[in-house]
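Residues per chain, in single letters:
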Amino acid sequence: MREKILKWIAHSAEKRAGMMLIGILILTVIAGGLASRLKLTMHFKNLMPQNHPMVQEFNQVIDDYSTASMIIIAATGEEKDLKQFADEIAGKVAALKESIKRVDYKLERDFILKHGLKLQKAKDLKNSRDLFKDLNLLPWLRHLNDNFEKTWVQDEESISTKEKENNAVMFLDGIKFWLQSLQAAIENGDSQLDKRAETAAERLLIGDEYMISPDKDMLLLFAQPTFTINEMDRVIAVENRIDSLIAETASRFPGLFAGTTGTFALSRDETVAASEDMYITSLLALGLILALFIISFRMWVAPIFAGISLIVGITWAAGFAALSVGTLNIMTSMFSVILIGLGVDFSIHIISVYIEKRAAGKTIAEALEMALLKSGNGIITGSLTTAFAFLTLTISDSAGMSEFGIVAGSGVIFCMLATLLTLPALLSFRDRILHRWRQKKHVVRSPEFKFLGSMAEAISRQAVLVLIVLLVITAVLTYSAWQITFDYNYLNMEPAGLTSIKLQHRMEDEFDVTPDFAIVTTRSIDESRKITKAAKDLKMVGMVTSISEYLPSAEEQDKRLQVIKEIRHSLLQNKTIRPLKPAQFAAYCDELNRLEDNIIELAQLAFLGGQEKVDKKCKEISGDFDAENRVSLVANLVQKLKSDPAQAVQKLNNFNTEFAPHFRNLALGMATTTPVALADLPEDIKDRFISNDGSKFLVTIYPKEQVWNLEFLELFTQRMQKLDPRVTGIPTIFYILIDIIGRDGRVAGGLTIIIVFLLLLLDFRKISYAVLAMIPLIVGVIWMLGTMQLLGLQLTMVNLMGLPLIIGIGIDDGVHILHRYQIEGRGHIRAVFSSTGKAVLLTSLTTMLAFGSLFFATYRGLGSLGTALFIGVGTCYLTSTIILPALLGLLEMKLKVNN
């Protein structure tokens, strides 16, 4: 049946080449129109099964909460420049009304200044209530020390959680600014005293209003888009627009570095890089392969015909992909390069035999028929085994693997069909034109690779020795393959040098949070409160945002309001500001020294507990005792005061005349005694945490460190699932995806081997030949993994796909060699490898060139896949061309002895 079809194709190509080409052109134009609808979706969420509960929950959150997808603008530099830059860029980004709903980069100042004390815990309010009793210089500083000791020094749990650590840093930052303001008042007198005192009071009570790091060298802004991350065209356009605004604004601040980061920026970078890589690597692969064709066959037209056949096949495959899957993801985006590497193999085998027979004096019809009969069986078997290897991936629950199986598997078949139909017609058309043009017989020369036949024959004669050496090499590489490790860091697959990733890493260091958050929705504020409290108690959590942060329970508010009423009463009763007397000056300096001692003690506690941010902030105030020239803000201030006590007392009183009223007024505003209710929350806060239909509440949990370490990722996912089984988000989805790909990859690999073996058995109709074809493949895969490990390479989520691919690709060499051996018969090992060996070498080289073009991909995931496939094709070629001559030589020797 197969031979009849191949003969019919040869006959049609010789007689009706023009008609065939017109029909192929029509099909290609239709497929091209369909292919133009293909879109790229590079977020790894799209690799997950879309019916998975975690993915469905994630998509629902994206739809229900406009703030679940935020564009993060990050900047690093000097504090003054950062705040000025933030003020300018916030206005420019907010002006993009059609794309941006709101830009957040400051605290909800008005809300906090009205309800701030109700947001503090009752215990903290009790510790600090004396601070509001007397705002005169000495009593206030004494109460500040009392509060410091009760809250931070005497309480063993004072900085035990990340939330408490952050509160300590904010408190210390307020003290630092107050000390600096005091120092400025002593040194500069009345210069900007009112403004400085007001800011000092605000920093002590509510902290810095900007979203700035504890070190004051990084600032964040959050832009809320009017669209979701699923609308990739808008993501790219808006991200690019914002980046241009950032570049324009940042150019006026020397030393300031800014850009976008987070999920939006990373998705844009992935999609743009993959789109560019797809075109560049495809063109590069095609160019390199055509160059190898021209060099190997010493002619121009045949390689161009192979390229045309390949383009036709890829266009058909792309059209089918548009109909079957609709979009390309991280795994399917490189399908064209893979098909270039595989599809050109079919042309090489046909052209190699055709030129060989034409050079031997055969007519066009005879050469076409012999080329298809000698190569066609191998091409069909090879393409089917490769296609079925890919199609086994469709069993995967992962949408990425399943879609890759559909696109690549069907693509191989389309390339095979395009080659069998297009190439013979082109070759026939070309030779007829040349014959008529030259009016004489067209002489065709066939380049020969006789050295391949000689090498194969030499191996067959030393079969036992060769196989022993191969066994030793395989044992070493098997051990090496067992040692190969897996790189779970998804960011290592991204393009190198991305601003978004640089800023993300810096953000992780500065804020102890990562934008790769987990999210969960609740049906009530009480449920949100419960999950928020449990999450904050986890040391691996850097930050939790929830509506419960702004809306304490009624019970909590009752406890807090009792203390707040005391604070309010104190503020209203003690309005008189009395000047510091000279006799109190020494006591005031002692309290400053006591403050420094408290800060030093807290630094020691933080150092022992590993709270680096607290330790560092303490040293900014008290100085680093390990440094050669220790600089202490407190010691310098005390020294300055003691240099002229009389003048110091006067300037201290001048400062407190401005500071105390501002502190009282701010504290009174925060000490409102009516409970805060949902209706009191600003719309911006409601918008962040309440779903569009008002029925659900969002809790966002930020890990303290990068989630791409497997041990941390596994533990984080487990902890999140214990909090609530409905928790979703990037880390948890990625963890489940790794599990799915690992499980399904093993199943697909085993199924691929079984299906390939059954197809070989069906094709060769002899178990011995099927086994002969499988041996080099299995050894080749072992060599591939062993070589990767020796070169220091790791398996990744993307290059793991190379294993089933290599099983499908690597079998081709053995199939073609054994098919030709069946035709030529025993005793013709030299002839088989001189002819088919040439085609096998060229197909392996072209496939390696195609995959090698992925080295130039900016998306490192594609580069890792290209490297794995490059090595795999090379090892499978070596094992096929060394093991098969040796095994065939042994068989021939055995048959000779038996005869």
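Scroll up to find the structure this text is about.
From a predicted model like this one, the values you see are computed outputs, not experimental measurements.

Caption draft 1: Up close: the overall build of the chain. In terms of helices and strands, the chain carries 31 helices and 10 strands. In terms of overall size, the chain is more extended than a compact globule, its C-alpha atoms giving a radius of gyration of 37 Å where 899 residues would be expected to give roughly 29 Å. Counting across all 899 residues of the chain, residues that qualify as buried make up 60%. A separation threshold of at least 6 residues defines the contact pool for the chain, and within that pool the share at least 24 residues apart is 82%. On the chain, roughly 37,200 Å² of surface is accessible, and the fraction owed to carbon and sulfur atoms is 58%.

Caption draft 2: Focus on the sheet that holds strand β10 (residues 728–729). One open sheet accounts for 4 strands, arranged β8-β9-β7-β10; its pairing is antiparallel. What marks the edges here is a single partner per strand, and that holds for β8 (541–545) and β10. Sheet topology places strand β7 (residues 518–522) next to strand β9 (residues 697–703); 5 bridges connect them, and they run antiparallel. Note that in β9 the partner of T521 across the bridge is L698.

Caption draft 3: The arrangement of the pattern of salt bridges in detail. Taken as a whole, this structure holds 43 salt bridges when the rule is applied. A salt bridge links E88 to R252; the shortest N-O distance between them is 2.4 Å. In this pair, E88 is assigned in helix α4 (residues 79–94) and R252 in the loop between α10 (232–250) and β5 (257–261), connecting sequence segments 164 residues apart. A residue is classified by how much of its surface remains accessible, and E88, at 24% relative accessible area, is partly exposed. For R252, a relative accessible area of 45% gives the class partly exposed. Among the salt bridges present, the one from R203 reaches D208, with a minimum N-O distance of 3.7 Å. Both residues of the pair, R203 and D208, count as buried. Salt bridges linked by common partners bring E79, K83, D173, K176, R203, D208, K216, K617 and E620 together as one network.

Caption draft 4: Geometry of the packing of helix α8 (residues 162–188) against helix α21 (residues 585–609). Between α8 and α21, whose axes approach to 13 Å, the crossing angle comes to 145°. Relative to α21, the crossing made by α8 is left-handed. Along its contact with α8, which presents L172, I175, W178, L179 and L182, the element α21 presents Y588, L592, L595, I599 and L602. A per-class count over the contact of α8 with α21 returns 10 nonpolar, no polar and no charged.

Caption draft 5: Representation of the pairing of strand β4 (residues 218–225) in the model. Buried residues dominate β4, accounting for 8 of its 8 residues. Of the two faces of β4, both are covered, the one formed by M218, L220, F222 and Q224 as well as the one formed by L219, L221, A223 and P225. Two strands pair when backbone bridges link them, and strand β2 (residues 71–76) and β4 are joined in this way by 6 bridges, in the antiparallel orientation. Bridged to T76 within β4 is M218. For strand β3 (residues 100–104) and β4, the ladder comprises 4 bridges, and the chain directions are antiparallel.

Caption draft 6: Main features of the packing of helix α16 (residues 450–461) against helix α30 (residues 829–852). Where α16 contacts α30, the two axes come as close as 7 Å, and the packing angle between them is 125°. Of the possible angle classes, the one that applies to α16 and α30 is oblique. Judged by the twist between their axes, the crossing of α16 over α30 is right-handed. Of the residues in α30, those in contact with K450, F451, L452, G453, S454, A456, E457 and S460 of α16 are I829, R830, F833, S834, G837, K838 and L841. When the residues that make up the contact of α16 with α30 are grouped by side-chain class, the tally is 6 nonpolar, 5 polar and 4 charged.

Caption draft 7: Local environment of the nonpolar core. Counting residues in hydrophobic clusters, the biggest one holds 159 residues, and the most contacted among them are F404, I701, M720 and L760. Of all the elements, helix α13 (residues 335–359) adds the most residues to this core, at 14 residues. In contact with L760, not counting residues within four places along its chain, are T381, R765, A770, A773, M774, I811 and V815. Core analysis: the next-biggest nonpolar cluster, separate from the first, contains 68 residues, A185, I567, Y588 and L637 among them.

Definitions and limits used
- Residues numbered from 1 in each chain as written.
- Predicted model: local features only at pLDDT ≥ 70, side-chain atom pairs only at ≥ 80, totals over all residues.
- Heavy atoms only, no water.
- Helix = DSSP H or I, 4+ residues; strand = E, 2+ residues; numbered from the N terminus.
- Rg over C-alpha atoms; globule rule 2.2 N^0.38 Å.
- Buried < 20%, exposed > 50% of the residue type's maximum accessible area, 1.4 Å probe, protein only.
- Contact = heavy atoms within 4.5 Å.
- Areas by Shrake-Rupley, 256 points an atom, 1.4 Å probe, with all protein chains shown as cover.
- Pairing = 2+ DSSP bridges.
- Salt bridge = Lys/Arg side-chain N within 4 Å of Asp/Glu carboxyl O.
- Axes fitted to C-alpha atoms, helices over the stretch in contact; angles between N-to-C directions.
- Left-handed = near helix turned anticlockwise from the far one by under 90°.
- Nonpolar A, V, L, I, M, F, W, Y, C, P; charged D, E, K, R; others polar.
- Parallel < 35°, antiparallel > 145°, perpendicular 65-115°, else oblique.
- Core = buried A, V, L, I, M, F, W, Y, C linked by side-chain atoms within 4.5 Å.

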